[in-house]
Amino acid sequence: MNPPEPQSAAFEAILSRTLQCSRYAKRALESDPALIDWLRNNYSARCDRAEIHDLFQHSGRDLAVETELSHALRMVRTQVMVKLILRDINSLADLNEVMQAMTALAEISIHLGQACLMETLSAQFGIPVGEASGNPQELLIIGMGKLGGCELNVSSDIDLIFVYPEDGETNGSSSTGKDGTAGHPTAAPLPSRRLSNHEFFTRLGRRLINLISEHTDNGFVFRVDMRLRPYGDSGPLVMSFAALEEYLLSQGREWERYAWIKARTVSPENSQRIAELSQMVLPFVFRKYLDFGAIDSMRNLHAQIRQEVQRSDRLNNIKLGPGGIREIEFTAQVFQLIRAGREPKLRIRPTRQVLKQLVESGHLSAKVAADLDTAYVFLRNLEHRLQYLDDQQTQELPEKDEDRKIIAGAMGYPDYSALLEELNRHRELVSLQFDQIFGAQHFGQGGSELWSENIAPEELSRRLEGLGYLAARESMQRLQQLREGNRYRQLPELSRQRLDKLVPQFIALSAQHSDPDGTLSRLLVMLDVICRRAAYLAFLAEYPAALQRLVKLVSASSWASEYLTLHPALLDELLDAREIYQEPDWHQIGDDLENRLNDCAEDAERVLDVLRQVQHEQTFRLLAMDLQGLLPLETLSDHLSGLADLMLHHVLRLSWATVRKRHRDVAQFAIIAYGKLGGKELGYASDLDLIFLYDDDHPDAQENYARLGQRINTMLSSYTSSGRLYEIDLRLRPNGESGLLVSSIPAFSEYQLKHAWVWEHQALTRARFSAGDGKVGQAFERIRKQVLCQQRELDKLRAEILAMRRKMHDGHPNDSGLFDIKHDSGGMVDIEFMVQYIVLAHAHQYPDLSANIGNLALLKLAGELGLVPVEIAGQTCTVYRTLRQTQHRMRLNNQSPCRVAHGDIDTAACSKMWEILFGKALIKDD
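For the structure given in this document, a descriptive report is provided here. Predicted model only: the values in this text are computed from it and were never measured. (Residues numbered from 1 in each chain as written. Predicted model: local features only at pLDDT ≥ 70, side-chain atom pairs only at ≥ 80, totals over all residues. Heavy atoms only, no water.)

A count of helical and extended segments in the protein gives 39 helices and 14 strands. Based on the C-alpha atoms only, the size of the protein along its principal axes is roughly 115 × 75 × 70 Å. Residues classed as buried in the protein amount to 54% of the 926 residues present. Of all intrachain contacts in the protein linking residues separated by at least 6 positions in sequence, the fraction that spans at least 24 positions is 74%. Accessible surface computed for the protein: about 41,300 Å², of which carbon and sulfur atoms make up 48%. Of the side chains in the protein, 105 bear a positive and 125 a negative charge, and the two mean positions are spaced by 1 Å. (Helix = DSSP H or I, 4+ residues; strand = E, 2+ residues; numbered from the N terminus. Buried < 20%, exposed > 50% of the residue type's maximum accessible area, 1.4 Å probe, protein only. Contact = heavy atoms within 4.5 Å. Areas by Shrake-Rupley, 256 points an atom, 1.4 Å probe, with all protein chains shown as cover. Lys, Arg positive; Asp, Glu negative; His and termini not counted. Charge placed at Lys NZ, Arg CZ, Asp CG, Glu CD.)

As structure tokens, then:
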């Protein structure tokens with residue numbers, strides 16, 4: 001007797017293990033021994049959509065006949081099941097292969113069934129036609145749940161929803177000729193009976209469900225669950241687009257938003273109406289704002305499931321129990337509900353892909369996502385092995401010792417206890433992460449009596465004073481005004497409950513800061529504004545760590561408090577301290593912004609909103625780092641200038657794309673920054689001093705670039721619901737407000753060399769290329785250096801600069817008795833004028849002075865060149881830095897104009913340098 005071939009022996013070992021681990025596979029192979037030969041020849045190849053198509057095509061059945069198709073569906077299902085079981089049990093297939101193959105089987109089965117039944121019913125009643133459009137109609141079959149997510153399990157039911165575009169009725173024939181008969185010689189006369197589209201598709205839907213789910217001698221294909229349709233079991237089986245839209249808008253519930261995340265049209269495969277349906281459902285599922293109320297809704301939904309599991313004594317359910325598959329899905333999907341309205345990349349369906357995208361988007365750490373992914377694979381593999389036993393839709397751990405032994409072996413563990421140990425490790429990890437996101441996180445309610453309507457005003461004032469409130473009576477009155485106001489009384493019950501929990505926390509947290517009254521006042525103003533949006537209250541209630549960061553930030557800066565009140569969507573930025581306190585990577589931020597803009601390129605309003613959102617987000621992150629003392633002022637200004645440059649880059653690109661008669665794809669156009677942006681000394685609320693230049697001899701250049709300049713100005717300065725980007729000042733262009741909006745490079749050069757005033761050359765010392773065509777920027781820089789390096793008559797230069805300084809000084813009178821750190825003698829403007837004088841007076845001899853390197857660096861260079869004493873230059877640098885820092889701190893608390901007591905800042909070095917350069921004392925303050 002010859003020994004068995006090695007390949008045959010390997011197959012026999014694989015087959016033996018399969019039969020040990022699956023009673024279903026054993027029964028199937030015993031009832032149809034030919035399957036064993038088919039497996040022997042095909043087991044090594046991946047089970048995929050192409051193979052399943054081939055199985056149907058070679059089934060020997062007429063797939064256009066309902067009874068024949070029914071047999072083929074069940075026969076192919078058995079083939080796919082036994083092959084997947086064999087490959088999976090023997091580690092030849094991974095989880096993705098199993099899920100994708102079962103999903104493909106379901107989709108192909110639905111598609112074949114729909115095509116067959118559509119032809120049958122159309123021959124009987126005619127083709128459904130839209131009443132409004134007159135176009136043929138089709139049934140769109142939406143896969144929900146795991147079918148929609150392409151992650152179907154081996155014994156899963158399939159969740160479906162049936163919709164059709166338009167109401168109407170059938171036309172009585174699938175193809176009619178002029179005489180009213182079918183359009184070919186042998187066609188039968190038209191059927192006399194017509195059906196409404198609703199009735200036609202209802203019949204199609206019922207027969208499709210029976211075709212797929214009915215148990216016959218050959219088994220079934222899939223159990224079909226229609227309970228996710230509008231109104232559930234009590235609702236119509238099919239629904240028009242209009243009816244579906246009306247339902248979602250008026251009656252759609254939070255759990256339905258969760259369910260529709262995975263919705264996907266699975267048949268017909270290439271329907272032209274799929275995009276229309278998707279656009280209709282999109283705003284119901286994904287909100288434009290950050291929807292933190294979804295956490296509470298999903299927590300309530302999960303609590304109901306857990307309660308059901310516990311009541312039914314089913315804690316051993318690896319899907320619905322603690323740490324189960326559902327909790328991983330919930331963890332992934334809550335981020336989608338909250339954020340995918342603003343982050344289209346999160347609008348994906350498979351759970352594992354969502355986890356991966358959450359890492360890329362910075363919402364989950366790589367370790368947490370990897371742990372959840374590993375747990376998901378383990379739990380889904382275990383789920384499949386539980387179902388392989390008898391082809392039962394179960395997620396329950398077995399109770400019989402025999403079954404436990406089989407499952408442990410199928411999972412590759414020596415015994416059931418070893419399997420349980422690994423299972424419990426994964427479930428504990430999943431539960432921990434789930435609780436961190438969904439757990440009822442809030443402070444203790446101590447101090448809630450301070451927000452009680454029963455507390456007397458005097459008692460409240462006394463209690464606040466005991467907490468350290470210095471203006472306790474005023475704070476008491478603010479609290480009472482909020483409680484007694486119409487806005488509070490008109491809040492929905494859930495929002496009022498959340499606010500009732502937040503106010504005592506605000507009181508307690510404000511008391512921990514140096515100005516509790518001011519802090520509480522700012523918080524109550526913010527609360528009064530945001531309480532109309534339930535999502536913001538939900539966010540603050542859900543995240544105590546973010547609440548503490550909020551109070552700290554509001555206490556540190558009234559400007560920051562106002563900024564947050566104006567842009568409450570930024571509250572989300574307080575979630576992750578690691579992210580909010582990281583210095584920006586402008587290259588990465590620019591790439592991400594470009595992707596977000598591309599996602600909404602067809603929606604002009606959405607483009608503007610995205611630009612503003614990103615600008616607000618990055619400004620707020622810099623603000624948070626600033627208030628934490630993590631950014632020196634010079635670095636902060638560099639970053640704020642970098643942010644403005646980035647915005648200008650994209651605004652120019654987007655604006656040029658909207659110029660209808662543009663004469664070239666890329667504009668030969670540049671935005672030049674002057675003032676604070678030009679000198680990279682930008683503050684949070686600084687306006688942008690800009691001019692527009694081009695270098696293009698095309699006949700249409702002047703007209704097109706003028707339109708471009710207008711669109712840039714409009715895009716930057718116009719208001720939307722998200723606010724505006726920047727306030728723009730274009731008066732520094734040649735000839736000021738009376739001059740052309742845009743200038744050619746030759747015209748700009750001629751103006752600067754022949755017609756510009758000295759103050760315009762002063763402004764040029766801190767001008768630079770900001771965005772646009774780099775070659776135009778280089779041409780500007782050559783002109784700038786040429787102008788600055790001209791030799792000038794020093795006496796005349798001094799006289800003109802002193803005259804301009806006198807004019808500015810007179811324009812900012814100060815009778816407050818305080819020192820104005822910007823405009824008074826010895827202030828910031830004097831130092832800036834001195835630097836500008838040094839550049840204009842000596843750059844012809846020392847060209848390095850023409851570099852736009854900032855006031856501090858230029859002062860240092862002037863000392864090194866011997867133009868002023870090194871010691872005086874250094875002291876003046878210190879004064880300038882102190883003045884800027886003082887101004888910055890005061891503006892963070894809305895103190896304007898910025899004035900301090902005389903003598904608080906020693907400006908003697910400034911006076912000495914002024915005398916050295918101009919030969920006379922500083923202009924005297926009145």
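Between helix H36 (residues 828–842) and helix H37 (residues 855–864), the shortest axis-to-axis distance is 10 Å and the interhelical angle comes to 55°. One element, H36, and the other, H37, form an angle in the oblique class. H37 is crossed by H36, and the crossing has left-handed handedness. Where H36 approaches H37, its residues Ile831, Glu832, Val835, Ile838 and Val839 are matched on the opposing element by Asn855, Leu858, Leu859 and Ala862. Partitioning the contact of H36 with H37 into residue classes produces 7 nonpolar, 1 polar and 1 charged. (Axes fitted to C-alpha atoms, helices over the stretch in contact; angles between N-to-C directions. Parallel < 35°, antiparallel > 145°, perpendicular 65-115°, else oblique. Left-handed = near helix turned anticlockwise from the far one by under 90°. Nonpolar A, V, L, I, M, F, W, Y, C, P; charged D, E, K, R; others polar.)

Turning to the pattern of salt bridges, a few remarks are in order. All chains considered together, the criterion is met by 49 salt bridges. A salt bridge links Arg27 to Asp390; the shortest N-O distance between them is 3.4 Å. A residue pair is termed long-range when its members are at least 10 positions apart, and Arg27 in helix H2 (residues 23–31) and Asp390 in the loop between helix H15 (366–388) and helix H16 (401–410) qualify at 363 residues. Here Arg27 falls in the partly exposed class, since its relative accessible area comes to 42%. With a relative accessible area of 23%, Asp390 lands in the partly exposed category. Arg342 is paired through a salt bridge with Glu617; the nearest N and O atoms lie 2.9 Å apart. Here the residue Arg342 occupies a position in the loop between helix H13 (325–339) and helix H14 (351–360), and Glu617 occupies one in helix H28 (residues 604–627), the gap between them amounting to 275 residues. By relative accessible area, which is 10% here, Arg342 ends up buried. (Salt bridge = Lys/Arg side-chain N within 4 Å of Asp/Glu carboxyl O.)

Turning to helix H4 (residues 49–57), a few remarks are in order. Since the α-helix turns once every 3.6 residues, residues separated by three or four places project in the same direction. Turning to H4, its buried residues number three or more, namely Glu51, Ile52, Leu55 and Phe56. Around the axis of H4, the buried residues are gathered within 140° of arc, so they sit on the same side. Elements that come into contact with the buried residues of H4 comprise helix H3 (34–42), helix H5 (66–89) and helix H6 (95–125). (Arc of directions from axis to C-beta.)

Let us now look at empty space enclosed by the protein. What the rule picks out here adds up to 1 cavity of 30 Å³ or more. Computed from the structure, the largest cavity encloses a volume of approximately 80 Å³. Around the largest cavity, the lining residues are Gly679, Glu681, Thr765, Arg766, Val835, Gln836, Asn852, Ile853, Gly854, Asn855 and Leu858. Among the elements of the structure, H36 and H37 are those that each provide at least two residues to the lining of the largest cavity. Its residues assigned to classes, the lining of the largest cavity comprises 3 nonpolar, 6 polar and 2 charged. (1 Å grid on protein atoms, 1.4 Å probe; cavity = no way out; pocket = protein on both sides within 12 Å on 5 of 7 lines; lining within 4 Å. Points joined across faces, edges and corners; volume = space filled by probe spheres on them.)

Let us now look at the side chain of His650. Relative to the helices and strands, His650 is located in helix H29 (residues 633–657). The class of His650 is buried, set by a relative accessible area of 1%. Excluding residues within four positions of it along the chain, His650 makes contact with Gly590, Leu593, Glu594, Leu597 and Leu611.

Of all 6 residues making up strand S8 (residues 669–674), 6 are buried, and the element is well covered by its neighbours. The alternating pattern of S8 places Phe669, Ile671 and Ala673 and Ala670, Ile672 and Tyr674 on opposite faces, both of which are buried. Here 4 bridges tie S8 to strand S12 (residues 768–772), and the two strands are oriented antiparallel to one another. The partner of Ile671 across the bridge, within S12, is Ala771. (Pairing = 2+ DSSP bridges.)

Time to look at helix H38 (residues 870–892). Over its 23 residues, H38 runs 33 Å from end to end, which matches the ideal 33 Å to within 8%, given 1.5 Å per residue. Where H38 ends, the next residue or the one after it, Asn894, has phi of about 55°, a positive value. (Expected span 1.5 Å × (residues − 1).)

As a further point, take unusual backbone geometry. The peptide bond linking Ser267 to Pro268 adopts the cis configuration, its omega dihedral lying at -5°. Tracing the backbone shows Pro268 in the loop between strand S7 (264–267) and helix H11 (274–285). That bond from Ser896 to Pro897 is cis: its omega, 0°, falls within 30 degrees of zero. Within the element layout of this structure, Pro897 appears in the loop between H38 and strand S14 (899–900). Positive phi is not limited to glycine here, since Ser91 has a value of about 60°. Structurally, Ser91 is set in the loop between H5 and H6. Positive phi is not limited to glycine here, since Lys680 has a value of about 55°. A relative accessible area of 38% means that Lys680 is categorised as partly exposed.

Take the packing of helix H18 (residues 457–466) against helix H19 (residues 472–484) next. Across the interface, H18 lies against H19 with an axial gap of 8 Å and an inter-helix angle of 125°. Considered as vectors, H18 and H19 are oriented oblique to each other. Once H18 is placed against H19, the crossing between them reads as right-handed. Where H18 abuts H19, its residues Pro457, Leu460, Ser461, Leu464 and Glu465 lie against Ala472, Arg473, Ser475, Met476, Leu479 and Gln480. Of the residues assigned to the contact of H18 with H19, the class counts are 6 nonpolar, 3 polar and 2 charged.

Nonpolar side chains tend to gather and get buried jointly when the protein is soluble and globular. The biggest cluster of nonpolar side chains holds 126 residues, and the ones touching the most others in it are Phe56, Phe162, Trp260 and Leu382. Per element, the largest residue contribution to this core is 16 residues, and it comes from H6. Excluding residues that lie within four positions of it along the chain, Trp260 makes contacts with Ile142, Met144, Ile161, Leu244, Leu248, Val281, Phe284 and Val285. Counting 98 residues, the second-largest nonpolar core is a separate cluster that includes Tyr469, Ile507, Leu593 and Leu640. (Core = buried A, V, L, I, M, F, W, Y, C linked by side-chain atoms within 4.5 Å.)

By the definition in use, this model includes 17 aromatic pairs. Consider the rings of Phe200 and Phe201, whose centres lie 5.4 Å apart with planes at 90°: the pair is edge-to-face. Neither Phe200 nor Phe201 differs from the other in exposure class; each is buried. Between the aromatic rings of Phe378 and Tyr413, the centroid separation amounts to 6.5 Å while the plane-to-plane angle is 75°, which identifies the pairing as edge-to-face. Of the two residues, Phe378 sits in helix H15 while Tyr413 sits in the loop between H16 and helix H17 (416–438), which places them 35 residues apart along the sequence. Ring pairing ties together the aromatic residues Trp656, Phe669, Phe692, Tyr694 and Tyr705, which thus form one cluster. Looking at Arg77, its charged tip hangs above the ring of Phe220, at a distance of 4.7 Å from the centre. One cation-aromatic arrangement involves Arg483 over Trp451; the distance from NZ or CZ to the ring centre is 4.3 Å. (Phe/Tyr/Trp six-rings, centres within 6.5 Å; stacked < 30°, edge-to-face > 60°. Lys NZ or Arg CZ within 6 Å of the ring centre and 35° of its normal.)

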